[in-house]
Amino acid sequence: SFYTAQDVLIYLFGESAVHLSVEGLGSINVQELGRIVREALHIPESAQDAFAFWLCSPLLDLQLKARHQPYKLCRQWQDLLYRFTEASEEDISQDEPYLQFRRNVFYAKSKELLIDDEAVLRLLYEEARSNILSGRYPCDPEHWTGLGAVSLALDEGTGLDGQQFTSVIREKKLSSFLPAHVAMGSGGLLSTLRGKSSRQAGLEQNLLQAYKNINTSAGNSPTQLLRQYLTTCHALPYYGSAFFLGEIDKPAQGILQRGKRKAVNVGICLEGVYVMDAKEKHVLLGLRFNELSWDHSYPEEEGDSHILWLEFDGEEDGTPVNKLLKIYSKQQEESGCTAISRERAAPGVFESFMIRCSCSAHLFLEQLNRFKSFLRLLSIASLLNNCWDEKDCVSHQMAELMSGFIEFCVELKSASEGAAAAEMDGEASLSQQAAGKEGGNKNGRGGRRGMLHRQSSVVCSRVHSLNTISYVDNGKEIKRLKPKRAASFFTRQASAATYSAVQVTESLEQG
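The present account deals with the structure reproduced in this document. All values derive from a computational prediction rather than experimental measurement. Residue positions are given per chain, counting from 1 as you read along its sequence in written order. Owing to the predicted nature of the model, reporting of local features is limited to residues with pLDDT of at least 70; listing and counting of side-chain atom pairs is limited to 80 or more, with chain, interface and lining totals taken over all residues. The side-chain quantities take in all heavy atoms of the structure and omit both hydrogens and water.

1. Details of the pattern of salt bridges
Here is the rule: Just to be clear on terms, a salt bridge is a Lys or Arg side-chain nitrogen sitting within 4 Å of an Asp or Glu carboxyl oxygen. For each residue, the accessible area found with a 1.4 Å probe, counting protein chains only, is set against the maximum for its type, and the residue is called buried under 20%, exposed over 50%, and partly exposed in between. Segments assigned H or I by DSSP are reported as helices when at least four residues long, segments assigned E as strands when at least two residues long, and all are numbered from the N terminus.
The final tally for this structure, using the stated rule, is 11 salt bridges. In this structure, the salt-bridge partner of arginine 103 is glutamate 112, at a minimum N-O distance of 2.5 Å. Like glutamate 112, arginine 103 is buried. A salt bridge links lysine 172 to glutamate 156; the nearest nitrogen and oxygen atoms lie 2.6 Å apart. Taken together, the positions of lysine 172 in helix α8 (residues 162-172) and glutamate 156 in helix α7 (residues 141-156) put the pair 16 residues apart, joining distant regions of the chain. Salt bridges here are not isolated pairs; linked through shared partners, they connect Glu32, Arg35 and Glu39.

Laid out in structure tokens, this is it:
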């Protein structure tokens, strides 16, 4: 019976779970289940919006709305996979979701900074740590070394001497504190065998030195260490993003190298869009919303992919141009198979633990009810609600969902900024609004957007390594690599644009 008490495991990051006995499991909604879980975890009311329930599996991750009923969605899981993934029938038949309590993708980083409850900080830390170790959050050596030292101090305390440190590292492995691709190394077998010993010794020495710096610092209580870890992660622009799987074209390196694609993770948050190399664990392109235009196109022929188009400013031989990047929906044979950090067997619903790269198809539904005044969003809400509730709904691919998610983030960010401005008083409000307007004129679509530079940091964009379409307008027609600025291809922009919309020409789209 639905109203008989049943055991439920709700998983957390850090390989732990909340074990509950719930009555009416078949009809309980997220709002009521959330109240029970927050009580069990002693989460204060001030931080209740920091977390959300997710249904997760190797093929799809969904952030749930307050009205959703997890048990019923689990029973509809295969239908959702058919509609929102390109997985094979065999993979879909074997896929089982589990329920996870984790960070709300729409919770602002500025609010996180105000949290002082150690239990809440610990939950946020475990999720951030998982993303660092799996490489989902690319970061530079000075960052992952420092973060690894903080993790070690939180696990073992700050009083280890050199011998104890070595013993802990030998027992837990470097991959418990440093990103897996760093700890395991890369390259061929011979290079790995030759350099493994010296590389491991160097990593251990750097980690030990960073740990000693923590040990000798004044602030090393658990709460301070948790804050230090999260503050470092907050500096990463894609912290808290929803992640999608995609592919981009590889730059042509000869006749035989044409037509190949590279797997990417696309992170979308309230600040912008970040395209990351799934293998190399570095950022290929990072754009704030006032630096891009975007759109989604449907496949023209059977077998073609849905495409998310990103347009941004670039340069070719000193000439300002517009650049277009095509992001394809992930192909079936690779769907859900990247960025695996841990896995265990999945014996049944709610009884598995897997942390995988997510598709995050419905992340933005969580906040739609708060912004009903945005009429443009109602069509998105209708489309996605139909996908959840109607059995005869057509499939919508990841490229389309990414486009919708970008649109919602732009609206949500605008709403939050407008609400913040409305709360200001007197002259402070007027001066702040004037400063924001001046900054928008400098950096928005009406003016020259910030240029992207080649840098060695994994966090910085690598525009030179992308296979993009560059175009300009000569006054009569759109041409590629001509010395004059062009109109925007797309009407979807984060701020008012002075570019006029034009149609994608067949020659450019095929280029």
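Anyway, onward from the coordinates.
2. With respect to the environment of arginine 75
Along the polypeptide, arginine 75 turns up in helix α2 (residues 70-75). As for arginine 75 and proline 97, which are separated by 22 residues in sequence, their C-alpha atoms are 9.8 Å apart.

3. With respect to the pairing of strand β7 (residues 261-268)
Two faces make up the sheet, and in a regular strand the side chains alternate between them. Rules: Should DSSP find at least two bridges between two strands, the strands are regarded as paired.
Buried residues dominate β7, accounting for six of its eight residues. As judged from the eight bridges shared by strand β6 (residues 242-249) and β7, these two strands associate in the antiparallel manner. If you follow glutamate 247 over to β7, its bridge partner there is alanine 263. Where β7 meets strand β8 (residues 272-277), five bridges bridge the pair, whose relative direction is antiparallel. Each residue of the ladder has a partner; that of glycine 267, found in β8, is tyrosine 274.

4. Some thoughts on helix α3 (residues 77-84)
Residues spaced three or four apart along an α-helix face the same direction, because each turn holds 3.6 residues. Short version of the rule: It is the directions from the helix axis to the C-beta atoms that the arc portrays.
Inspection of α3 places Trp77, Leu80, Leu81, Arg83 and Phe84 among the buried residues, and these make up the whole buried set. Along the axis of α3, the buried residues cluster in a sector spanning 165 degrees; they form a single face.

5. Description of the pairing of strand β10 (residues 293-297)
Most of β10 is tucked away, with four of its five residues classed as buried. Pairing of β10 with strand β11 (residues 307-316) involves five bridges; the strand directions are antiparallel. Its bridge partner lying in β11, tryptophan 294 is registered against leucine 310.

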